[in-house]
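# Architecture and fold: a report
Here is what each chain is made of, one letter per residue.
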Amino acid sequence: MAYFLFRRTLGFVLTLLAVSVVVFAVMNVLPGDPALTILGMDASDDALAALREQLGLNAPLVTRYFSWVWNALQGDFGLSHSFRVPVSELIAERLPMTISLAVAGMLVTLVLALSLGITAAAQHRRAGDWGVMFLSQLGIAVPAFWLSILLVMLFAVKLRWLPPGGFAGWSDPVAAIRSLILPTVALALVQSAVLARVTRSSALEVMRQDFVRTARASGLSQRRVLWRHVLPNALVPIVTIVGMQFAALVTGTIVIENVFYLPGLGRLIFQSIANRDLPTVQALVMLFAAIVVTANFVVDLLYVVIDPRLKART
Amino acid sequence: MRRLPANFLLGAVLVSLVVGIAALSLVWTPHDPQTMSIPTKFASPSAIHWLGTDQLGRDVVAQLMAAARNSMTVALVAVLLGGSIGVALGLLASALGGWVEDGVMRLADLGFAFPALLFAIMLAAVFGPSLTNAVLAISFINIPIFARVTRASANQIWTRDYVAAARAAGRGRFAISRDHILPNIAAAIIVQATIEFAVAILAEAALSYLGLGAQPPASSWGRMLSEAQTLMYLAPQLAIYPGLCIVTAVLGFGLLGDGLRDITDPRLARAR
């Protein structure tokens, strides 16, 4: 068990390091002069030289990489060119929005997908099953940003129940929650399409097993059999997908925040691209990639909690 | 003849429709997709403009057709480019084994840490947004996917007797990979390619919607949607058609991929 934890943690740290090398390499090694990118084609040579000095571009690459990683580990991602404040400050300001959106999206996804998936499995080859499968096939094909636009057209433009976008802050919690409803739904519907399918097929697999027949034969209600016996045993593949989906969800927030003009990290990344603010983009890409890697790591650890047999084997 | 699965048939119909329209746009569109005509902006559907015109008076049908062609081209290039690199790496990993296999698979793991969107964001930040960068980003995420599928399928074939016979006959690992492994895993790769085609269409649309893909004046479903979003109150219909096109294309390739999988691997089909 300790060996397993050690190996996984080591792998996790190495992957993070490798990711940081890739991010740094793409942003710094590929042909292209950041100073030129920031100042534009008609900048004077003096201005370019001054900015290169300011950005520390004259130091050797390896030195720059290590100082970037070292500073980042201490929460220092450098200075944002466009906002003229530390990148870490920008991140701290916008992180709560992105986290709230991702967590709310994940919760709605789980509730929707598990209920739909289990219902479909219980109704195998009947109307409910076909309905869920059809919806999920459709959900996989619908882009989240188009679904968002449709939701806004219906609930904001036509019915006027909810705001079309923007976020006024948490000082008015009711207004804040109202402006997060549509983004959360848009994020969750698409994700739950995938998860519902996995839940269904995983539950079907379990329902063929003898202990389920025994549970039924001993007179347990269908509901109790499904939720207490089938679902817990169907969790391993579901958790794998949930881990992957959390990653998809977090990058999905980048899209959704831009559709709904929400002041989170995803919106910040696009403002930074438009402002040619490379240190901010670099920090945010690293942050998002780190979240993806961490999600996968947590899933690996969760396996052991869910399936004690894996613990015995490792 | 065995009956073809329903998802395969429906997928084939949708794909033929989208690919047919994309091909048709090479030789004919009802109007030029780029020609603006401000006096006839926001025109309703009519005999001249079947689905009306947009905010600049451009014909919506013509734009949708041109966008279909662009979308298919992007997906084709991205899947071919990323797929061939991934398949080559997967074959290499399987043929050589040992540290090469480990190395390739760790690299593939690393690739999964970068969704296409993040990669496109990095490229856009360094080089400025362009369709080429979007294609590169989508190709890149295809590499680890194909490397994994190829290696997993190839490893199974390497254990077969006919491969052992070829080795006994003195054939090299690369010759065996080319002549025996590749033809026998082609079905799995084609299935994956079809599914990734759908993913690539979706990715291109999202990147273009966010301004990281097709740049004006190139037509793209994603870009049409981002323009339509600002006109939701004036012309909501403009936000409908491009989305329907994306769903049709993605659904088509997705169903076709599922159908092909059911046909080539009947055990899976029965299990579902």
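Use the structure listed above.
Residue indices begin from 1 for each chain and proceed along its sequence in written order. Note on labels: chains are lettered from A, ligands numbered from 1, in written order. Owing to the predicted nature of the model, reporting of local features is limited to residues with pLDDT of at least 70; listing and counting of side-chain atom pairs is limited to 80 or more, with chain, interface and lining totals taken over all residues.

Okay, the interface of chain B and chain A next. This entry defines residue contacts through backbone-placed C-beta atoms, with two residues in contact when those atoms are within 7 Å. On the chain A side, the residues contacting the 31 residues of chain B number 36 residues. At the level of secondary structure, the elements contributing two or more residues to the side of chain B that touches chain A comprise α3 (98–111), α4 (116–127), α7 (173–209), α8 (221–229) and α9 (241–264) of chain B. Among the elements that line the side of chain B that touches chain A, the one with the most residues is α4 of chain B, at 8 residues. Going along the chain from the N terminus, every DSSP run of H or I of four or more residues is numbered as a helix, and every run of E of two or more is numbered as a strand.

Here the focus is unusual backbone geometry. Residue Pro217 of chain B follows Pro216 of chain B across a cis peptide bond; omega there is 5°. Relative to the helices and strands, Pro217 of chain B is located in the loop between α7 and α8. Look at Arg160 of chain A: it is not a glycine, yet its phi comes out positive at around 60°. Tracing the backbone through its elements, the reader meets Arg160 of chain A in the loop between α7 (144–158) and α8 (173–207). Between the buried cut of 20 or more and the exposed cut of 12 or fewer other C-beta atoms within 10 Å of a residue's own C-beta lies the partly exposed class, and all C-beta atoms are placed from the backbone. Accessibility expressed as a C-beta count within 10 Å gives 9 for Arg160 of chain A, which makes it exposed. One non-glycine residue, Tyr261 of chain A, adopts positive backbone phi at about 55°. With respect to the helices, strands and loops of the structure, Tyr261 of chain A is situated in the loop between α11 (235–260) and α12 (265–274). Assessed through the 13 C-beta atoms surrounding it within 10 Å, Tyr261 of chain A is described here as partly exposed.

We now examine the nonpolar core. Residues and elements named next belong to chain B. Membership of the largest hydrophobic core comes to 161 residues, with the highest contact counts inside it found for Ala120, Ile121 and Ile201. Per-element tally for this core: the top contributor is helix α2 (residues 60–96), with 19 residues. Beyond its immediate stretch of four places on either side in the chain, Ile201 contacts Ser71, Ala75, Ile246, Ala249, Val250 and Phe253. Any set of buried Ala, Val, Leu, Ile, Met, Phe, Trp, Tyr and Cys residues joined through C-beta atoms within 7 Å is what this text calls a nonpolar core.

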